[in-house]
Structures are given as C-alpha cells and as structure tokens.
Amino acid sequence: MDSEVGPLRAVLLHRPGNELKRLTPRNNDQLLFDSIPWVDRAQAEHDAFADVLRGRDVEVLLLADALRTALEDVRAHAAGVHAAVDDRRLGGDLADSLRSHLSGVDAAGLAEVLMAGMTFEELPSSEGASLVRMMNHPHDFAVDPLPNLLFTRDSSAWIADRVAISSLTMPARRRETAVLDLIYAYHPYFRHAARAYGAHSAPIEGGDVMLLAPGVLAIGVGERTTAAGAESLARSVFADGIAHTVLAVPIEQSRATMHLDTVCTMVDADAVVMYPLARDSLTAFTLRPTGDGGVKVAGPAPFLIAAAEAMEIDRLRVIDTGLDPVTAEREQWDDGNNTLALAPGVVVGYERNVETNERLEAAGIEVLPITGSELGSGRGGPRCMSCPVRRDPL
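Small disclaimer: the values here were computed from a predicted structure and weren't measured.

What counts, and at which threshold
Residues numbered from 1 in each chain as written. Predicted model: local features only at pLDDT ≥ 70, side-chain atom pairs only at ≥ 80, totals over all residues. Heavy atoms only, no water. Buried < 20%, exposed > 50% of the residue type's maximum accessible area, 1.4 Å probe, protein only. Helix = DSSP H or I, 4+ residues; strand = E, 2+ residues; numbered from the N terminus. Pairing = 2+ DSSP bridges. Axes fitted to C-alpha atoms, helices over the stretch in contact; angles between N-to-C directions. Contact = heavy atoms within 4.5 Å. Parallel < 35°, antiparallel > 145°, perpendicular 65-115°, else oblique. Left-handed = near helix turned anticlockwise from the far one by under 90°. Nonpolar A, V, L, I, M, F, W, Y, C, P; charged D, E, K, R; others polar. Polar contact = N/O pair within 3.5 Å; in protein donor to acceptor, adjacent residues only side chain to side chain. 1 Å grid on protein atoms, 1.4 Å probe; cavity = no way out; pocket = protein on both sides within 12 Å on 5 of 7 lines; lining within 4 Å. Points joined across faces, edges and corners; volume = space filled by probe spheres on them.

Help me out: how do you make sense of the pairing of strand β9 (residues 216–221) in this one?
Regular strands place side chains that alternate from one sheet face to the opposite one. Counting buried residues in β9 gives six out of six residues, a clear majority hidden from the surface. Residues Val216, Ala218 and Gly220 point to one face of β9 and Leu217, Ile219 and Val221 to the other, with burial holding for every one of them. As paired strands, strand β8 (residues 209–213) and β9 are joined by four bridges and run antiparallel to one another. Bridge pairing in β9 places methionine 210 opposite alanine 218. What sits between β8 and β9 in their antiparallel hairpin is a turn of two residues, with glycine 215 showing a positive phi close to 85°. The sheet contact formed by β9 and strand β10 (residues 245–250) spans six bridges and is parallel. Paired with alanine 218 across the strands is leucine 247, a residue of β10.

Take a look at the structure:
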C-alpha cells in the first residue's frame with residue numbers, strides 16, 4: 001500500500017460490541033469517550049458504514065471475527081490469556097486463578113474477555129479470601145474493556161507491504177496492541193505479513209501516520225505520538241526501503257487535535273481536506289536517510305510546501321472545512337477532516353458536516369455520507385474507524 005487514496009480493496013473494521021456497554025458516567029472520561037453511546041444505534045451506523053464499503057467492492061474484515069479465528073491457535077490462546085491478566089492489578093493468587101479459568105475457555109469466550117473486559121463480580125469463584133476482590137467494587141474492572149477498538153486506524157497501520165503495530169499512549173488503549181499482535185501473528189489472512197514497527201517501541205499511533213505519496217510519509221507529533229516515536233518509525237521505514245522521506249508534523253496537544261488525521265486527510269492524489277486554522281500554522285521537519293544508517297533532519301518549513309516538495313508536485317490542493325471560523329471549528333470537532341478515501345476523489349465522510357461535504361463536492365470530490373451520531377462519541381470519523389490493509393497502487 002503506497003498511498004492514502006489508491007483504490008481500497010480490503011479494510012479492517014471493528015463493529016461496536018459489548019465493550020461499549022461497559023461505559024458509564026463514572027468511567028467514560030477515563031475510557032476516552034465524551035459521552036455514553038447508544039450501542040444499538042452505533043452498531044446500526046457501523047453496519048451501514050461497512051455496507052457502503054462493500055458496495056464499492058471493498059473486502060471488509062471484522063476485528064472480532066479475526067480475533068476469534070486467531071485464538072483457535074493454541075499459541076495465540078496462551079498469549080491471549082497472558083495479555084488479559086495483570087498480576088500487578090490482581091495479585092498473584094487471583095491472577096493465577098483467572099489465568100487458570102481463561103485457559104479453559106474457548107476462543108470466542110477469550111476474545112470476548114479481551115475486548116469487553118471483566119469485572120470483579122464476573123471473576124470465577126476461587127477458594128480462600130482475596131483482599132483484592134474484597135476491596136474492589138464488584139463493578140470495577142479486573143480486566144479493562146477496550147471501547148476504542150472501534151478506531152482500528154490507531155492500533156495498526158500498513159506501509160507498503162508491512163504492518164506497523166502501534167505503541168499506544170493512553171493507558172485505556174495500551175492493551176489494544178496485544179489484540180492486534182495476536183491477529184497479525186496468527187490469523188491465516190495475515191500469515192505472511194511482515195512488520196514495519198515494534199509495538200513496544202516509542203509511542204506512535206496510526207491516526208498520526210499518513211501516506212502522502214509512494215515513499216513519502218507524514219507523521220503527526222502531538223498528544224499521542226512522540227518525536228521519539230516519529231523518528232523511530234522513520235528509521236524503520238528507511239531501513240526497510242519502503243520510504244525515502246518522512247515529514248514530522250507538530251500538532252497541538254489537545255483533545256480536538258489528538259491525531260494528524262483530525263486536522264487533515266488525503267482526498268485525492270494531490271489534495272487534502274484541512275482545518276483552516278491549521279493551513280498556515282502547520283509546519284514539518286523533513287527526515288531523510290543519510291545512506292549509512294543515519295537520518296538527516298531539515299526544517300521546520302510550512303507543511304504544505306514541504307509536502308509538495310517531498311511528493312514532487314507543484315502544490316498540494318487544500319479544501320478547507322468551511323471558511324466561517326465557527327462552522328469550521330464545529331465541523332473539525334465533528335471529524336469533518338477525518339475522511340476515508342476509497343479511490344482518488346472518492347471519500348466517505350459524516351453526513352452532519354454539511355459545509356465541509358459541500359466544499360468537497362464543489363472541488364470535484366465525491367462524498368459518500370454516513371451517519372455517525374453515536375459512532376462519533378469517541379471522537380473519530382471514517383478514517384479513524386478503518387485500517388486499510390490492501391490498496392491498489394496509486
């Protein structure tokens with residue numbers, strides 16, 4: 001996969017499940033949701049999203065199905081049990097009891113625990129007293145749920161023929177890495193997938209990784225991806241010969257701009273949709289290999305200029321998310337910039353971002369609108385909710 005806009009052939013999605021039903025007013029902030037979604041409606045919206053993709057001949061792989069299949073392998077099952085149980089949280093005796101229990105459940109049951117978590121009330125009964133069990137509320141989590149699995153872009157990203165397993169920053173999301181590791185290591189579909197980055201490296205998330213053109217990556221550096229993570233990924237892709245230029249793009253460290261793809265996304269081979277306030281303020285450091293294993297860094301320079309130069313085009317066309325500042329801010333918050341390209345000039349976007357979609361259409365971009373009143377409660381749009389695993393060359 002060499003771009004963001006080559007014809008999409010296969011994508012990894014996660015249909016919302018019981019992990020979203022774990023959200024309450026007491027824990028939704030900690031679990032990174034701004035409100036408590038209506039799960040049935042979120043599932044219906046997600047089903048419609050998947051149907052739009054299938055209607056454009058995109059193969060949709062569902063994460064939950066892939067995880068269950070992977071866990072049929074006894075090695076994956078053992079690794080899944082290890083990923084679920086935290087000795088530091090539960091203490092040795094209770095952890096051993098839970099490990100023993102999970103070792104005996106089938107692949108579907110273990111997958112459910114890995115995704116939806118487990119409360120202390122749901123732990124298997126064990127002999128003897130447990131201070132940990134007694135001092136925790138029955139509805140506290142012994143195994144945390146992973147409601148942000150919905151946003152499959154963040155936990156892994158494909159670069160050329162390799163997959164980069166993210167090193168997720170927020171505590172609520174870190175265990176997602178183990179889930180994706182199991183899928184890519186043990187599911188037959190991904191049996192021959194090579195790795196581009198290690199999950200235990202410096203923090204980097206897929207929402208910050210953008211394939212501007214063949215061999216050219218932009219990496220946002222902000223709330224979720226560190227400068228060390230951007231440099232580590234750059235060194236990795238240079239060593240593998242799958243990129244020749246990486247642009248490290250500083251972004252504001254805030255909830256509204258948690259990833260680069262909340263500020264801009266590619267909508268055509270030479271065009272981006274972008275939040276107007278970022279258009280002139282966004283900069284980039286340019287990283288290139290030295291040829292002897294090192295990396296040279298230049299800049300910073302204006303992002304649009306640095307990107308066009310790296311892409312070897314005259315300029316990068318910019319479509320703003322509305323010229324009115326208030327509308328632009330509202331639609332940026334509602335993921336107006338977070339589109340998923342199905343082909344050059346064809347994108348999926350939330351229907352509620354009316355002005356952004358009108359501006360895209362006026363610029364010659366076909367917009368396939370989807371509803372997202374419940375899906376967006378975790379602050380993520382169509383790009384966030386999709387991990388492309390196969391695209392045709394641009």
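Mind showing me how you'd approach the sheet that holds strand β5 (residues 156–159) here?
For sheets, the rule is that strands pair by backbone hydrogen bonds, running either parallel or antiparallel. One open sheet accounts for three strands, arranged β5-β6-β7; its pairing is mixed. The open sheet has two edge strands with one neighbour each: β5 and β7 (194–197). Neighbour-to-neighbour, the strand axes of the sheet open up by a mean angle of 40°, direction not taken into account. Two elements, β5 and strand β6 (residues 162–165), share four bridges in a ladder whose sense is antiparallel. Across the sheet, residue serine 156 finds its bridge partner in β6, namely isoleucine 165. Its contacts with the sheet place helix α9 (residues 176–186) against β5, β6 and β7, and it is angled at close to 160° to β6. Relative to β7, helix α10 (residues 227–240) is tilted by about 140°, and along the sheet it contacts β5, β6 and β7.

Could you clarify how one ought to interpret the sheet that holds strand β12 (residues 271–274) in this entry?
Strand order in the open sheet formed by three strands is β11-β12-β15, with mixed pairing between adjacent strands. Of all strands in the sheet, those bounded by a partner on one side alone are β11 (264–268) and β15 (317–320). Pairwise comparison of adjacent strand axes, ignoring direction, gives a mean angle of 30° for this sheet. Pairing between β12 and β15: four bridges, direction parallel. Among the inter-strand pairings, methionine 274 is bridged to a residue of β15, identified as aspartate 320.

Can you help me understand the packing of helix α2 (residues 63–70) against helix α6 (residues 107–116) in this one?
Each pair of packed helices can be summarised by the angle the axes make with each other and by the distance between the axes. Direction vectors running N to C along α2 and α6 enclose 130°, while the axes themselves pass 8 Å from each other. It follows that α2 is oblique to α6 by the angle criterion. Considering how the two elements wind past one another, α2 and α6 form a crossing that is right-handed. Residues Leu63, Ala64, Leu67 and Arg68 of α2 form the contact with α6, whose own contacting residues are Ala107, Ala108, Ala111, Leu114 and Met115. Its residues placed into classes, the contact of α2 with α6 shows eight nonpolar, no polar and one charged.

Where do I start with the side chain of asparagine 338 in this structure?
Tracing the backbone through its elements, the reader meets asparagine 338 in the loop between α13 (325–333) and β16 (340–343). At a separation of 3.3 Å, a polar atom in the side chain of asparagine 338 contacts the main-chain amide nitrogen of glycine 381. Separated by 3.0 Å, the side chain of asparagine 338 and the backbone nitrogen of arginine 383 make a polar contact. Residues contacting asparagine 338, with those up to four places away along its chain left out, are Asp261, Thr262, Thr265, Gly381, Pro382, Arg383 and Cys384.

Mind showing me how you'd approach the layout of surface pockets here?
Roughly 340 Å³ of volume is contained in the largest pocket. Surrounding the largest pocket, 17 residues form its lining, Ala83, Ala84, Val85, Asp86 and Arg175 being those nearest its centre. Looking at the lining of the largest pocket, the elements with two or more residues in it are α3 (74–84), α4 (87–90) and β4 (141–143). Considering each element in turn, the lining of the largest pocket owes the most residues, three residues, to α3. The computed volume of the second largest pocket comes to approximately 280 Å³. Lining the second largest pocket are 15 residues, with Arg26, Asn27, His139, Asp140 and Phe141 sitting closest to its centre. The residue makeup of the lining of the second largest pocket, split by class, is three nonpolar, six polar and six charged.

Explain empty space enclosed by the protein here, please?
For the structure on display, the rule yields five cavities of 30 Å³ or more. The space that makes up the largest cavity amounts to roughly 100 Å³. Around the largest cavity sit 15 residues that line it, and Met1, Glu4, Arg153, Ala157 and Trp158 are the ones nearest its centre. Among the elements of the structure, β5, β8 and β19 (387–391) are those that each provide at least two residues to the lining of the largest cavity. Broken down by element, the lining of the largest cavity gets its largest block of residues, four residues, from β5.

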